[in-house]
Amino acid sequence: MFKNVYRIGFISLMCVSLMVFTADAQDKITGPWMWMIAQFPAGTGGAAVTDKDGLDEQSNGKVTEEDIAKRGLTKKFLNVEYKDDFEWTEGEIPATGGNNINDTLARIGLGPGGDLNDYCSYAVINVKSSKAQNDVTGRAGSDDSIKIWVNEDVVHKNPVNRGAGDFQDTFKADFKRGSNVLMVKVCERGGGWSMFVGFDADLDYNLNFAGLPVEPEAKLTTQWGKVKKSY
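**Points about the overall build of the protein**
Okay, so step 1: Within the protein, the regular secondary structure consists of six helices and eleven strands.
Okay, so step 2: Burial statistics for the protein: of 231 residues in total, 45% are counted as buried.

Here it is in structure tokens:
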């Protein structure tokens, strides 16, 4: 009798554990993303510049955050001359680590290298949905502040200076049928620089932005113009 009770209890515990694991098993989007960075004066990064348009500054007014969030990457935006000779650069980001943005930028060769402080990163990706999906649960973590757009709508913002090695925030987002632009801005003040984003929905991620059709691999350099393929 006691053995049966033990077995029932053990099975129940395993079922609960499985349910918890399933509920928490939300994949982080590793990409590949398209990356750009913008520098701010020393000691002014992080939460303080969450709402400052680094793309507008970096492009001398030729490209704004709203432009990219609404249209994704187009040939026009890719061909803009950005300050410091920065270029939109393709690369994947690790799903773990408290400094995964800095590590990614170093690997893909975007920025001056080393430990970067007082910068904002912009990560852009195309999200393909087979149907319209509303109130999709999204999760995010960041070091330091974070701002997220789906298409032209700001779906999440947390102007905070903090560390991060995993998801921390929960939010909601709507996806239309077909292509959607996802842009994530993370502003670094000092120390680690990290980003984690995922959605609890059936979505595909690619770089096939509506304004920039992708050609076969052999023609990738021509199609993407100045974009670097770095992984």
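**A closer look at the pattern of salt bridges**
Okay, so step 1: What the rule picks out here adds up to six salt bridges.
Okay, so step 2: Among the salt bridges present, the one from D166 reaches K28, with a minimum N-O distance of 3.1 Å. On the criterion of sequence distance, the pair formed by D166 in the loop between strand 6 (153-158) and strand 7 (169-175) and K28 in the loop between helix 1 (2-24) and strand 1 (33-39) is long-range, its members being 138 residues apart.
Okay, so step 3: Look at K28 and you get partly exposed, because its relative accessible area is 23%.
Okay, so step 4: A salt bridge links K157 to D51; the nearest nitrogen and oxygen atoms lie 2.9 Å apart. You can see K157 sitting in strand 6 and its partner D51 sitting in the loop between strand 1 and helix 2 (54-58), a full 106 residues away along the chain.
Okay, so step 5: You can call K157 partly exposed: its relative accessible area is 39%.

**What to know about the nonpolar core**
Okay, so step 1: Ranked by internal contacts, the top residues of the largest apolar core, which has 57 residues, are W33, W35, W88, L182, M195 and F199.
Okay, so step 2: Top contributing element to this core by residue count: strand 3 (residues 119-129), with seven residues.

**A word on the state of the cysteines**
Okay, so step 1: This structure, assessed with the given rule, holds one disulfide.
Okay, so step 2: Here C120 engages in a disulfide with C187; their sulfurs sit 2.1 Å apart. Residues C120 and C187 are joined through a disulfide that is right-handed, its torsion about the S-S bond being 105 degrees. Of this pair, C120 sits in strand 3 while C187 sits in strand 8 (residues 178-188), placing them 67 residues apart in sequence.
Okay, so step 3: Of the residues examined, C187 reaches a relative accessible area of 1% and is grouped as buried.

**Regarding helix 5 (residues 100-108)**
Okay, so step 1: Within helix 5 the residues assigned to the buried category are N100, I101, N102, T104, L105 and I108.
Okay, so step 2: Its buried side turned inward, helix 5 meets strand 1, strand 2 (89-91), strand 3, strand 8 and strand 9 (194-199).
Okay, so step 3: One or two residues past the end of helix 5 sits G109, with phi positive at roughly 75 degrees.

**Considerations on the pairing of strand 1**
Okay, so step 1: For strand 1, a buried count of six out of seven residues is recorded, marking the element as mostly surrounded by other parts of the structure.
Okay, so step 2: Judged from the three bridges that link them, strand 1 and strand 2 form a sheet pairing that is antiparallel. Within the sheet, the bridge partner assigned to W33 lies in strand 2 and is G91.
Okay, so step 3: As judged from the six bridges shared by strand 1 and strand 3, these two strands associate in the antiparallel manner. From the neighbouring strand, M36 faces strand 3, where its bridge partner is Y122.

**A short note on the environment of K52**
Okay, so step 1: Mapped onto the fold, K52 is located in the loop between strand 1 and helix 2.
Okay, so step 2: Residues K52 and C120, spaced 68 residues apart in sequence, show a C-alpha to C-alpha distance of 9.7 Å.
Okay, so step 3: Look past the residues within four positions of K52 in its chain and what remains in contact with it is F40, E65, Y122 and K185.

**Digging into unusual backbone geometry**
Okay, so step 1: Between G31 and the following residue, P32, the backbone shows a cis peptide bond with an omega angle of 15 degrees.
Okay, so step 2: As for its position among the elements, P32 is in the loop between helix 1 and strand 1.
Okay, so step 3: Following D143, the chain continues into D144 via a peptide bond in cis, with omega recorded as 5 degrees.
Okay, so step 4: Locating D144 in the fold gives a position in the loop between strand 4 (133-143) and strand 5 (145-150).
Okay, so step 5: Phi is positive for D84, close to 60 degrees, though the residue is something other than glycine.
Okay, so step 6: Inspection of the secondary structure assignment puts D84 in the loop between helix 4 (75-78) and strand 2.
Okay, so step 7: A relative accessible area of 51% places D84 in the exposed class.

**Regarding the side chain of K185**
Okay, so step 1: You can see K185 is positioned in strand 8.
Okay, so step 2: Note on K185: relative accessible area 1%, which makes it buried.
Okay, so step 3: Of the polar contacts made by the side chain of K185, one reaches the side chain of E65; its length is 2.8 Å.

Conventions adopted
- Residues numbered from 1 in each chain as written.
- Predicted model: local features only at pLDDT ≥ 70, side-chain atom pairs only at ≥ 80, totals over all residues.
- Heavy atoms only, no water.
- Helix = DSSP H or I, 4+ residues; strand = E, 2+ residues; numbered from the N terminus.
- Buried < 20%, exposed > 50% of the residue type's maximum accessible area, 1.4 Å probe, protein only.
- Salt bridge = Lys/Arg side-chain N within 4 Å of Asp/Glu carboxyl O.
- Core = buried A, V, L, I, M, F, W, Y, C linked by side-chain atoms within 4.5 Å.
- Disulfide = S-S within 2.5 Å.
- Contact = heavy atoms within 4.5 Å.
- Pairing = 2+ DSSP bridges.
- Polar contact = N/O pair within 3.5 Å; in protein donor to acceptor, adjacent residues only side chain to side chain.

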